[in-house]
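One-letter residues, chain by chain:
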Amino acid sequence: MSALRTGISRRQFGLVMGAGAATLAMPAYLRAQTPPRVVIIGGGAGGATAAKYLAKGAKGALDVTLIEDSDTFTTCFFSNIYLGGYRDFQSITHSYDGLVSAYGIKKVTGMAKAVDRAAKTVTMADGSAVPYDRLVLAPGIDLVYGSVPGYSAEAAEIAPHAWKAGAQTELLKARLDALADGENIVMVAPPNPYRCPPGPYERASMMAHVLKSKGFTKSKIVIIDPKEKFSKQGLFEEGWAKYYPGMIEWYGPDVHGGIKSVNVKDGKVETDLDTFAGALLNIIPAQQAGAIAAAAGVADDKGWCPIDAASMRSTMDEAIYVIGDASIAGDMPKSGFSANSQAKVAAMNIRADLLDAKAFPAKYSNTCWSLIETDDGVKVGAQYEPKDGKITSVESFISKTEEDAALRKATYEESVGWYDGIIADMFS
Amino acid sequence: MTKGMGNASGKTAVAALALTVVLGRVPAFASDPASDLTKQALEARQATTRVLSLDADPELGAYLGGECATCHQQAGATSGIPPIRALPVDYIVRALVEYRLGMRDNNVMKLMSVRLKDEEIAALAAYFSSFPE
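Residues numbered from 1 in each chain as written. Chains lettered and ligands numbered in written order. Predicted model: local features only at pLDDT ≥ 70, side-chain atom pairs only at ≥ 80, totals over all residues. Heavy atoms only, no water.

What exactly am I supposed to notice about the overall build of chain A here?
Counting its secondary structure elements, chain A contains 13 helices and 24 strands. Considering only C-alpha atoms, chain A reaches an extent of 70 × 50 × 40 Å along its principal axes. Long-range pairs, those at least 24 residues apart, make up 68% of the contacts in chain A with a sequence separation of at least 6. Of the roughly 16,600 Å² that chain A leaves accessible, carbon and sulfur atoms contribute 53%. Considering chain A, the positive charge centre built from 44 side chains and the negative charge centre built from 49 side chains are found 6 Å apart. (Helix = DSSP H or I, 4+ residues; strand = E, 2+ residues; numbered from the N terminus. Contact = heavy atoms within 4.5 Å. Areas by Shrake-Rupley, 256 points an atom, 1.4 Å probe, with all protein chains shown as cover. Lys, Arg positive; Asp, Glu negative; His and termini not counted. Charge placed at Lys NZ, Arg CZ, Asp CG, Glu CD.)

Where do I start with the pairing of strand S15 (residues 268-271) of chain A in this structure?
Side chains on a regular strand alternate between the two faces of the sheet. All names here are of chain A. Side chains Val269 and Thr271 project from S15 onto a buried face, and the interleaved Lys268 and Glu270 project onto a face without burial. Here strand S14 (residues 259-263) pairs with S15 via four bridges, running antiparallel. Residue Ile259 lies in a different strand from S15, and its bridge partner there is Thr271. Counted along the chain from S14 to the antiparallel partner S15, the turn is four residues long, and its residue Gly267 has a positive phi close to 70°. Here three bridges tie S15 to strand S16 (residues 275-277), and the two strands are oriented antiparallel to one another. Directly across from Glu270, in S16, lies its bridge partner Thr275. The turn linking S15 back onto S16 is made up of three residues. (Buried < 20%, exposed > 50% of the residue type's maximum accessible area, 1.4 Å probe, protein only. Pairing = 2+ DSSP bridges.)

Is there a simple way to think about the sheet that holds S15 of chain A in this case?
Pairing between the strands of a sheet is mediated by backbone hydrogen bonds and can be parallel or antiparallel. Residues and elements named next belong to chain A. Read from one edge to the other, the open sheet built from three strands follows the order S14-S15-S16, with strand pairing classed as antiparallel. Only two strands of the sheet have a single neighbouring strand rather than two, namely S14 and S16. Strand-to-strand twist in this sheet, taken as the mean axis angle between neighbours without regard to direction, amounts to 15°. (Axes fitted to C-alpha atoms, helices over the stretch in contact; angles between N-to-C directions.)

Explain unusual backbone geometry here, please?
Peptide bonds are mostly trans, and most non-glycine residues show a negative phi. All names here are of chain A. Residue Pro193 is reached from Asn192 by a cis peptide bond, and omega for that bond is -10°. The topology assignment puts Pro193 in the loop between strand S11 (185-188) and helix H8 (199-213). Positive phi is not limited to glycine here, since Lys232 has a value of about 55°. Tracing the sequence through the fold places Lys232 in the loop between strand S12 (221-224) and helix H9 (233-243).

When you look at the nonpolar core in this model, what are you seeing that I'm missing?
Within soluble globular proteins, side chains that are nonpolar generally end up buried alongside one another. Residues and elements named next belong to chain A. Ranked by size, the top nonpolar core spans 150 residues in total, and within it Val122, Trp240 and Trp418 carry the most contacts. Among the elements that take part in this core, helix H12 (residues 336-355) stands out by supplying ten residues, more than any other. Counting residues in each nonpolar core, the second largest holds 15 residues, with Ala159, Val188, Val262 and Val264 among its members. (Core = buried A, V, L, I, M, F, W, Y, C linked by side-chain atoms within 4.5 Å.)

How do you make sense of the packing of H12 of chain A against helix H4 (residues 58-69) of chain B when you look at a structure like this?
Helix-helix packing is characterised by the crossing angle of the two axes and by the distance between the axes. For the pair H12 of chain A and H4 of chain B, the least separation of the axes is 10 Å and the interaxial angle reads 160°. Taken together, H12 of chain A and H4 of chain B sit at an angle that is classed as roughly antiparallel. Helix-helix and strand crossings are classified by hand; for H12 of chain A and H4 of chain B the assignment is right-handed. Across the interface between the two elements, Lys344, Val345 and Met348 of chain A from H12 of chain A touch Tyr63, Gly66, Glu67 and Ala69 of chain B from H4 of chain B. For the contact of H12 of chain A with H4 of chain B, a count of residues per class yields four nonpolar, one polar and two charged. (Parallel < 35°, antiparallel > 145°, perpendicular 65-115°, else oblique. Left-handed = near helix turned anticlockwise from the far one by under 90°. Nonpolar A, V, L, I, M, F, W, Y, C, P; charged D, E, K, R; others polar.)

Whenever I open this one, the sheet that holds strand S5 (residues 106-109) of chain A confuses me. Can you help?
Residue and element names in this part refer to chain A. Read across the sheet, five strands follow the order S5-S2-S1-S9-S20 without closing on themselves; strand pairing throughout is parallel. At either end of the open sheet lies a strand with only one pairing partner, and these are S5 and strand S20 (320-322). With strand direction ignored, the average angle separating the axes of adjacent strands in the sheet is 20°.

Would you mind going over the confidence of the model for chain B with me for this structure?
Low pLDDT marks stretches whose predicted atomic positions should not be read closely. Of all residues in chain B, 74% attain a pLDDT of 70 or more, and the chain-wide mean is 80. This complex was scored by the predictor with a pTM of 0.88 and an ipTM of 0.84. (pLDDT = per-residue confidence, 0-100.)

What am I meant to see in the packing of aromatic side chains here?
Throughout the structure, instances matching the rule amount to 23 aromatic pairs over all chains. Aromatic pair Phe128 of chain B and Phe131 of chain B: ring centres 5.9 Å apart, planes at 15°, arrangement stacked. Through pairs of rings, three or more aromatic residues link up here, namely Phe77, Phe78, Phe337, Trp369, Trp418 and Tyr419 of chain A. Sitting over the face of the ring of Tyr419 of chain A, Arg87 of chain A holds its NZ or CZ atom 4.8 Å from the ring centroid. Directly above the ring of Trp304 of chain A sits Lys334 of chain A, whose terminal nitrogen or CZ lies 3.9 Å from the centroid. (Phe/Tyr/Trp six-rings, centres within 6.5 Å; stacked < 30°, edge-to-face > 60°. Lys NZ or Arg CZ within 6 Å of the ring centre and 35° of its normal.)

Written out as structure tokens, the structure is:
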């Protein structure tokens, strides 16, 4: 056998934690013959992947339960491609049935409201309790509506954020498709950190594609950004000048001076510089970890969950792992690809923790593809390892400006292949 | 204790390659400093030989293979990204070695390969070749 046994087994972990204490605190699943219970909250790119890799790798030795409120999952990734008219809504919506039946995962359909960490149970909205030996939190994001004065959950029914895929995405598409030439769109981009760093700018590209395809020449898309720079900025700005000249205007804080308030009924965004008016407002507010993370007491004062970079284990509770957008994953962006990658590290470490399976040194990766115009795709990617107490980028690449059309087309086709790949990796 | 790289025909091919190296033909190319491509090709061959001689750890292969499954569908379906399940061991090793050396173009694959150790390439190749065709 190779000499690559560098992972930490549960026995070694016991030694690290103090062997005596570990024996005294021997949990029920080691005394009884019932399989240890792993409960996952949230069925997105992180949670669905974790459920599958836990169940698949343990081959019946773990009792895996997925708590998810919805019967289907609409992906945030590729929701801009739907917005651009390249896909229908059905093609970005997926069922949990295959995942549940293929791997013997129990699905509890409902909302998790609280976590009793002493009793190791999840309290559901209906009052029932789901017991766990290890808990994986993959709740994604909640929107901090109040970060944009005047914005709220109710206001989002008029001025959609569409930053959690589903009805909001369909609303934004319907509103976009209903615009007449000369009517403007004002987008308020979110502050860091937020889900999908290139997402707002790919979205502006896709909205411009729709307007341009209809022959519109007078409508504009104005992006009011609280950030001084943004992901893939050079690539997007090159694409906007090439395909949508004069249509997309981006203003950073040095120009607009600060976002003061929005009035969704009047279609106005007020900044220090000026008031911007649009027939369609797309307000993407600040974000934090999904509510269950704070309810469980594993989020910090900024609303995100600190984790151990080597395992995705919460630094606040060793029976809890936090993956995906909710976690503070160092250099990794909040993306479906990142969540999927983190889920595999967590699943491996939980199996090592509960079943004496091997754990290897964690490796993480991410690639974010963006579509600027038909057949013009760009990408940014990196590999990460635990280093200096955080998940640290160790290698990276980004598409270059002035790439030839064939490469950009291949990049888009690769993104479609990735979409099909990650969906298969999550759900089948 | 699985010997994942026990591919008899692969080892024969490797032996023939090793003989060529011993006879001095490839090192002659390598001694030409202007010929980076040839040097790289030699490096690729040597690394492939080295990796093919290793025992593969199936558990490591299964873990690392999860990273590939994000894009390459394990069922083998293809759309924009080629399937890799059930490819021959020596093909996978050679491809990963060439990505690691920067001899192949795709920047996602270069990213995924550039830090792979020989043992990790061996484990990945054994893992993916073990899928039924």
